[in-house]
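Understanding the architecture of this molecule
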Amino acid sequence: MPHTTTVTPYLCTKDTASAIEFYRQAFSATETYRLNGDDGRIAHAEIKIENAVIMLSDEHPEINVLSPQTIGGSPVLLVLDVADVDAVFAQAVAAGAMVERPIEDSFGGTLRNGKVIDPFGHRWMILTYKGNAEASTTT
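Residues numbered from 1 in each chain as written. Predicted model: local features only at pLDDT ≥ 70, side-chain atom pairs only at ≥ 80, totals over all residues. Heavy atoms only, no water.

1. Structural notes on the overall build of the protein
When helices and strands are tallied, the protein shows 3 helices and 8 strands. Walking the protein from its N terminus toward its C terminus, one meets helices and strands in the order β-α-β-β-β-α-β-α-β-β-β. Seen along its three principal axes, the alpha-carbon backbone of the protein occupies a region of about 50 × 40 × 25 Å. Residues counted as buried form 37% of the 139 residues belonging to the protein. Looking at the protein alone, contacts between residues at least 24 apart form 49% of all its contacts between residues at least 6 apart. Surface summary for the protein: the accessible area is close to 8,400 Å², and the carbon and sulfur share equals 53%. Charge centroids of the protein, computed over 10 positive and 18 negative side chains, lie 4 Å from each other. (Helix = DSSP H or I, 4+ residues; strand = E, 2+ residues; numbered from the N terminus. Buried < 20%, exposed > 50% of the residue type's maximum accessible area, 1.4 Å probe, protein only. Contact = heavy atoms within 4.5 Å. Areas by Shrake-Rupley, 256 points an atom, 1.4 Å probe, with all protein chains shown as cover. Lys, Arg positive; Asp, Glu negative; His and termini not counted. Charge placed at Lys NZ, Arg CZ, Asp CG, Glu CD.)

See the structure below:
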């Protein structure tokens, strides 16, 4: 089997237990692992959204692990590619996400997408590819 490289996002929140519940409601996430620290904070947790793994933890300021709420927002955009952007976008907003940009068609109608900010300050682009746009890669 060939080697596959992956990148796994690791999100920090002020209340990871609530974040996990939000992601369950918003994106149908499943919690797969949780490690509670002696101090009651979640030291490490993992969820899956379909086959994507996301790691999470509570804030740990003593080791510079800070949430977007503490640092004033996040420059990172998480991209969630789903079969039905309209349904998942509506589900996320119903669960408490704030619309950053409404859903729109782009790239000649081949991509339908919108952006939300979750209650913990993380930004999400939710999208569905609608057509077979040709992509090119430059190396």
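So much for the structure itself; the text now carries on.
2. Overview of the nonpolar core
Within soluble globular proteins, side chains that are nonpolar tend to cluster in buried spots. Ranked by size, the top nonpolar core spans 27 residues in total, and within it Phe22, Tyr23, Phe27, Trp124 and Ile126 carry the most contacts. Breaking this core down by element, the ones donating at least two residues are helix H1 (16-27), strand E3 (42-49), strand E4 (52-58), strand E5 (77-81), helix H3 (85-95) and strand E8 (123-129). A per-element tally of this core places H1 first, with 6 residues. When sequence neighbours within four positions are dropped, the list of residues in contact with Phe27 reads Phe22, Ile49, Leu80, Val88, Gln91, Ala92, Trp124 and Ile126. (Core = buried A, V, L, I, M, F, W, Y, C linked by side-chain atoms within 4.5 Å.)

3. Some details on H3
Residues of H3 that are buried: Val85, Val88, Phe89, Ala92 and Ala95. For H3, the angular spread of the buried residues around the axis is 130 degrees, confining them to a single face. Structurally, H3 contributes buried residues whose contacts are with H1, E5, strand E6 (98-106), strand E7 (111-117) and E8. Of the residues one or two after H3, Gly96 is the one with positive phi, at around 125 degrees. (Arc of directions from axis to C-beta.)

Shape descriptors only; they carry no functional weight alone.
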